[in-house]
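Each chain, letter by letter, is given below.
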Amino acid sequence: MWTEQDNELRATFKFKNFTQAFAFMTEVAFVAEAQQHHPNWSNVYNTVSFRLNTHDAGNTVTEKDRKLAAAIDEIAVRH
């Protein structure tokens, strides 16, 4: 579930283990590169956290962030 706070979209995803979390991150990386919109994210073991905003728009939430968030959600369902 994404929340909007402090000019960022934020979400955290938990997986069964590190391998699943890393597979998820790998798939997200390909989508982010294709969209030319790269997330601020972190990973600790089975947990991946995101903070999305658009630097070119003054570090605010834009449609680019919402599009990437939707793609991340679709990927998460598969993992």
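The structure reproduced in this document is the subject of the present report.

What counts, and at which threshold
- Residues numbered from 1 in each chain as written.
- Predicted model: local features only at pLDDT ≥ 70, side-chain atom pairs only at ≥ 80, totals over all residues.
- Heavy atoms only, no water.
- Phe/Tyr/Trp six-rings, centres within 6.5 Å; stacked < 30°, edge-to-face > 60°.
- Helix = DSSP H or I, 4+ residues; strand = E, 2+ residues; numbered from the N terminus.
- Buried < 20%, exposed > 50% of the residue type's maximum accessible area, 1.4 Å probe, protein only.
- Axes fitted to C-alpha atoms, helices over the stretch in contact; angles between N-to-C directions.
- Parallel < 35°, antiparallel > 145°, perpendicular 65-115°, else oblique.
- Left-handed = near helix turned anticlockwise from the far one by under 90°.
- Contact = heavy atoms within 4.5 Å.
- Pairing = 2+ DSSP bridges.
- Expected span 1.5 Å × (residues − 1).
- Arc of directions from axis to C-beta.

1. Focus: the packing of aromatic side chains
Remark: the centre distance and the inter-plane angle together describe each pair of aromatic rings, the angle taken between the planes. For the coordinates displayed, the defined rule picks out eight aromatic pairs. A ring pair is formed by Phe13 and Phe24, whose centres lie 5.4 Å apart and whose planes are at 45°; its orientation type is tilted. Of this pair, Phe13 sits in strand β2 (residues 8-14) while Phe24 is found in helix α1 (residues 18-35), placing the two residues eleven residues apart along the sequence. Side by side, Phe13 and Phe24 carry an identical accessibility label, which is buried. Clustering of aromatic rings is evident, with ring pairs tying together Trp2, Phe13, Phe15, Phe24, Trp41 and Phe50.

2. Here we look at the packing of α1 against helix α2 (residues 63-78)
Geometry of a packed helix pair, given as the angle between the helix axes and the separation of the axes. Contact geometry for α1 and α2: axes closest at 10 Å, N-to-C directions at 150°. Taken together, the axes of α1 and α2 lie roughly antiparallel to each other. For the pair α1 and α2, the sense of crossing is right-handed. Residues Phe24, Glu27, Val28, Val31, Ala32 and Gln35 of α1 touch α2, and the partners they reach there are Lys64, Lys67, Leu68, Ala71, Ile72, Ile75, Ala76 and Arg78.

3. Section: the side chain of Asn46
In this structure, Asn46 sits in the loop between β3 (40-44) and β4 (47-52). The class for Asn46 is buried, based on a relative accessible area of 19%. Aside from chain neighbours lying at most four places away, what touches Asn46 is Phe13, Lys14, Phe15, Lys16, Asn17, Phe18 and Ala21.

4. Here we look at the sheet that holds strand β1 (residues 3-5)
Ordered by their spatial adjacency, four strands build an open sheet running β1-β2-β4-β3, and the pairing between neighbours is antiparallel. Only two strands of the sheet have a single neighbouring strand rather than two, namely β1 and β3. Between one strand and the next, the sheet's axes are offset by a mean angle of 20°, whatever the strand orientation. Bridge count for β3 against β4 is five bridges, and the pairing is antiparallel. Pairing of Asn43 across the sheet is with Val48, part of β4. Of the strands in this sheet, β2, β3 and β4 are in contact with α1, which crosses β3 at around 165°.

5. A few points about α2
With 16 residues, α2 extends 23 Å from end C-alpha to end C-alpha; this agrees with the ideal 22 Å at 1.5 Å per step. Of the residues making up α2, those classed as buried are Asp65, Leu68, Ala69, Ala71, Ile72, Ile75 and Ala76. End-on view of α2: buried residues confined to an arc of 165°, all on one side of the axis. Along α2, the residues that are exposed and aim more than 90 degrees away from the buried face are Glu63, Lys67, Glu74, Val77 and Arg78. Along its buried surface, α2 packs onto β2, α1 and β4.

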